Amino acid sequence: MSFEKRLDELSKLQGYQKPAYHQGVLKLDSNENFAVPRQFQQEIIDIAKKNADIREYPLGKSERLIAALSKYIQVPANMLSIGNGSDQILDIILCNFASKKTRILTSDPTFGFFEERCKLYQIPTIKVPFSKEMTLNVQDFVSRYKNADILYLDSPNNPTGFQFKKEEISDLIKRFSGLVIVDEAYGEFSDYTVATMTKKFENLVVVRTFSKSFGMAGLRLGYVVASKKFIDVFSRVLQYPYPINTMAIEGGIAALQKSHQISEVISLVKSERARIIKKLRETGAFDVFDSKANFVLFDARGADKRIYTALLEQGISIRKLGRIGKHEGCLRVTVGTKDMNSKFLLAMRDFLQ
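Rules of the game
Every chain is numbered independently, its residues counted from 1 as its sequence is written. pLDDT decides what is reported in this predicted model: residues at 70 or higher carry local features, side-chain atom pairs at 80 or more are listed and counted, and totals for whole chains, interfaces and linings draw on all residues regardless. Based on all heavy atoms of the structure, the side-chain values leave hydrogens and waters out of the count. We call a residue buried when its accessible area falls under 20% of the maximum for its residue type, exposed when it is over 50%, and partly exposed in between, using a 1.4 Å probe and counting protein chains only. Think of it this way: any DSSP run of H or I at least four residues long counts as a helix, any run of E at least two long counts as a strand, and we number them from the N terminus. The pairing criterion is simple: DSSP has to find at least two bridges between the two strands. Just to be clear on terms, a salt bridge is a Lys or Arg side-chain nitrogen sitting within 4 Å of an Asp or Glu carboxyl oxygen. Note on terminology: a nonpolar core comprises buried Ala, Val, Leu, Ile, Met, Phe, Trp, Tyr and Cys residues joined through side-chain atoms within 4.5 Å. Note that the domain bounds reflect an automated or database-derived domain assignment. Here, residues are in contact when the closest pair of their heavy atoms is within 4.5 Å. Joining two parts hides part of their accessible area as seen by a 1.4 Å probe, and the buried area is that hidden amount summed over both. For this analysis, a polar contact is any N or O atom pair within 3.5 Å, provided that within protein one partner can donate a hydrogen and the other can accept it, and provided that sequence-adjacent residues contribute only side-chain to side-chain pairs. UniProt positions are given in the numbering used here, feature names are shortened, and annotations may be inferred rather than shown by experiment. Geometry is summarised by axes, namely lines fitted to C-alpha atoms with helices restricted to the contacting stretch, and by angles between N-to-C directions that run from 0 to 180 degrees. Each Phe, Tyr or Trp ring (for Trp, its six-membered ring) is paired with any other whose centre lies within 6.5 Å, and the angle between the two planes then decides the class: stacked below 30 degrees, edge-to-face above 60, tilted in between. Only lysine NZ and arginine CZ atoms are considered, and such an atom sits over a ring when it is within 6 Å of the ring centre and within 35 degrees of the ring normal.

**Student:** Help me understand the pairing of strand E2 (residues 80–83) in this model?
**Tutor:** Within a regular strand, the side chains alternate between the two sheet faces. Burial of the side chains of E2 extends over both faces: Leu-80 and Ile-82 are buried on one face and Ser-81 and Gly-83 on the other. In terms of strand pairing, E2 meets strand E8 (residues 222–225) through 4 bridges, oriented antiparallel. Residue pairing in the sheet places Gly-83 in a bridge with Gly-222 of E8.

**Student:** Can you help me understand the pattern of salt bridges in this one?
**Tutor:** Here the idea is simple: oppositely charged side chains can pair when their charged atoms come close. Under the defined criterion, the tally for this structure stands at 23 salt bridges. In this structure, Asp-87 engages Arg-220 in a salt bridge whose closest nitrogen and oxygen atoms are separated by 3.6 Å. Residue Asp-87 is located in helix H4 (residues 85–97), and its partner Arg-220 is located in the loop between strand E7 (204–209) and E8; the two are separated by 133 residues in the primary sequence. For Asp-87, a relative accessible area of 22% translates into the label partly exposed. Judged by its relative accessible area of 30%, Arg-220 is partly exposed. Here Glu-272 and Arg-275 are joined by a salt bridge, their closest N and O atoms 2.8 Å apart. Within this pair, Glu-272 and its partner Arg-275 are both found in helix H10 (residues 259–283), separated by 3 residues, close to a single helical turn. Given the relative accessible area of 26%, Arg-275 is considered partly exposed.

**Student:** Honestly, the nonpolar core in this entry has me stumped. Any pointers?
**Tutor:** Buried together is how nonpolar side chains tend to be arranged in soluble globular proteins. Ranked by size, the top nonpolar core spans 89 residues in total, and within it Phe-164, Leu-280, Phe-298, Ile-318 and Phe-344 carry the most contacts. In terms of residue count, the dominant contributor to this core is H10 (7 residues). Built from parts of two domains, this core gets at least three residues from each of domain 1 (18–37 + 259–352) and domain 2 (39–258). Setting aside residues up to four positions removed in sequence, Ile-318 forms contacts with Leu-28, Asp-29, Phe-298, Tyr-308, Leu-311, Leu-331, Arg-332, Val-333 and Phe-344.

**Student:** I tried to follow the domain arrangement of the protein chain on my own but got confused; where do I start?
**Tutor:** Taken domain by domain, the protein chain comprises domain 1 (18–37 + 259–352) and domain 2 (39–258). Taking only C-alpha atoms, the centre of domain 1 and the centre of domain 2 are 25 Å apart. Contacts between the two partners involve 28 residues from domain 1, matched on the other side by 31 residues from domain 2. Together, Ser-259, Ile-262 and Lys-292 form the three largest contributors to the area buried by domain 1 at its contact with domain 2, with a combined 24%. Lys-292 is paired through a salt bridge with Asp-191; the nearest N and O atoms lie 3.0 Å apart. Between the two partners, domain 1 and domain 2, sit 18 residue pairs in polar contact (both at pLDDT 80 or more).

**Student:** What should I look at first to understand the UniProt feature "domain: Aminotransferase class I/classII large" (unreviewed entry) in the protein chain in this one?
**Tutor:** Taken from the UniProt record, the annotation "domain: Aminotransferase class I/classII large" (unreviewed entry) applies to residues 25–343. The span residues 25–343 is 40% helical and 19% strand by assignment, and the distance between its end C-alpha atoms comes to 12 Å.

**Student:** Explanation requested: the sheet that holds strand E6 (residues 179–183) in the structure shown.
**Tutor:** Spatially, the 7 strands line up as an open sheet ordered E2-E8-E7-E6-E5-E3-E4, and their pairing is mixed. A strand with exactly one partner marks an edge of an open sheet, and here the two such strands are E2 and strand E4 (125–129). Across the sheet, the mean angle separating the axes of adjacent strands is 25° when strand polarity is ignored. Where strand E3 (residues 104–108) meets strand E5 (residues 150–154), 2 bridges bridge the pair, whose relative direction is parallel. Bridge assignment links Ile-104 to a residue of E5, and that residue is Ile-150. Most of the contacts of helix H3 (residues 61–73) go to E2, to which it runs at about 120°, and overall it touches E2, E7 and E8.

**Student:** Would you mind going over the packing of aromatic side chains with me for this structure?
**Tutor:** Any two aromatic rings considered together are summarised by their centre-to-centre distance and by the angle between their planes. Scanning the model with the defined rule gives 16 aromatic pairs in all. For the ring pair Tyr-16 and Phe-113, a centre distance of 6.4 Å and an interplane angle of 80° mean the geometry is edge-to-face. Here Tyr-16, found in the loop between helix H1 (3–11) and strand E1 (26–28), pairs with Phe-113, found in helix H5 (residues 112–120); they are 97 residues apart in sequence, far enough to count as distant. We classify Tyr-16 as partly exposed; its relative accessible area is 38%. On the numbers, 3.6 Å between centres and 5° between planes, the contact of Phe-114 with Tyr-152 is stacked. Of this pair, Phe-114 sits in helix H5 while Tyr-152 sits in strand E5; the two residues are 38 residues apart in sequence, bridging distant segments of the chain. In this pair, the class of Phe-114 matches that of Tyr-152, namely buried. Members of the aromatic cluster, each reached through a chain of ring pairs, are Tyr-72, Phe-210, Phe-214 and Tyr-223. A cation sits over an aromatic face here: Arg-332 above Phe-295, 5.5 Å from the ring centre.

Rendered as structure tokens:
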């Protein structure tokens, strides 16, 4: 295929759609964790600056981060590797373990970046739709196993916030013989993690990130938990020689040393998530879905565009998603600090009056 023809093909793809940028607004559209105090952010940056010499390649520094992650995740260091955000790790896995002949079983919807990457590499997907209540039936996956080579689940799911019961996802992993990728970007906000199951299942790969729970989206730091053999191949052969910059590595180490502070933040987010769900449901104006992540999805019943615009006029940006499954006008709001969430809820109350 000629360069011009391939370029023309690529130009027709949509690519991952980032939210619109609005300057000077309360940003509740990208699931960033603003409940993490600025003081925490400043402390880890100060430590990173003190420990970093950016004249040097980060030789040996990744190993220090992996050692810290080993204690945090409670898996051996040789079952861990790092990447430039979880996006890059997922991209490397798709590039090397999937092809046009590989069929990936996943949910509909699922993480948008993963979907768009499958389209880019022309990897066919088998999609299990969510119910009207934004839940998944585990048997729908089991019935499609024989037609799939890879299973991909973002757990909790983005954008719904849904998560299987632990015994259900454990059973899915146990019964599927191909590669199982579990994306736990929002794992800390949920009820459980399957990361330690990698000790038992050789075909399980768990992808996680510092972007959400640690509030470090700007440093682009992700990691992967898998069997020793997978990690050896991933780190030695597939991953870039220096995928993470020195400041991100040192920042990650510093953050893990302060993970007890993040536990307090996660408790706050869970409490505030419940408050948002309760208050939105009390209005009777929306279909509000349960969430195990740091966001809440709701169907505005045809008022999604008006709500999005009205909030923006008040300096609040949330995510306008439109049709998801059987729901036409979905909106997604990030769980922020108490003050941020109160401002959002007050604006929603004003809209309904």
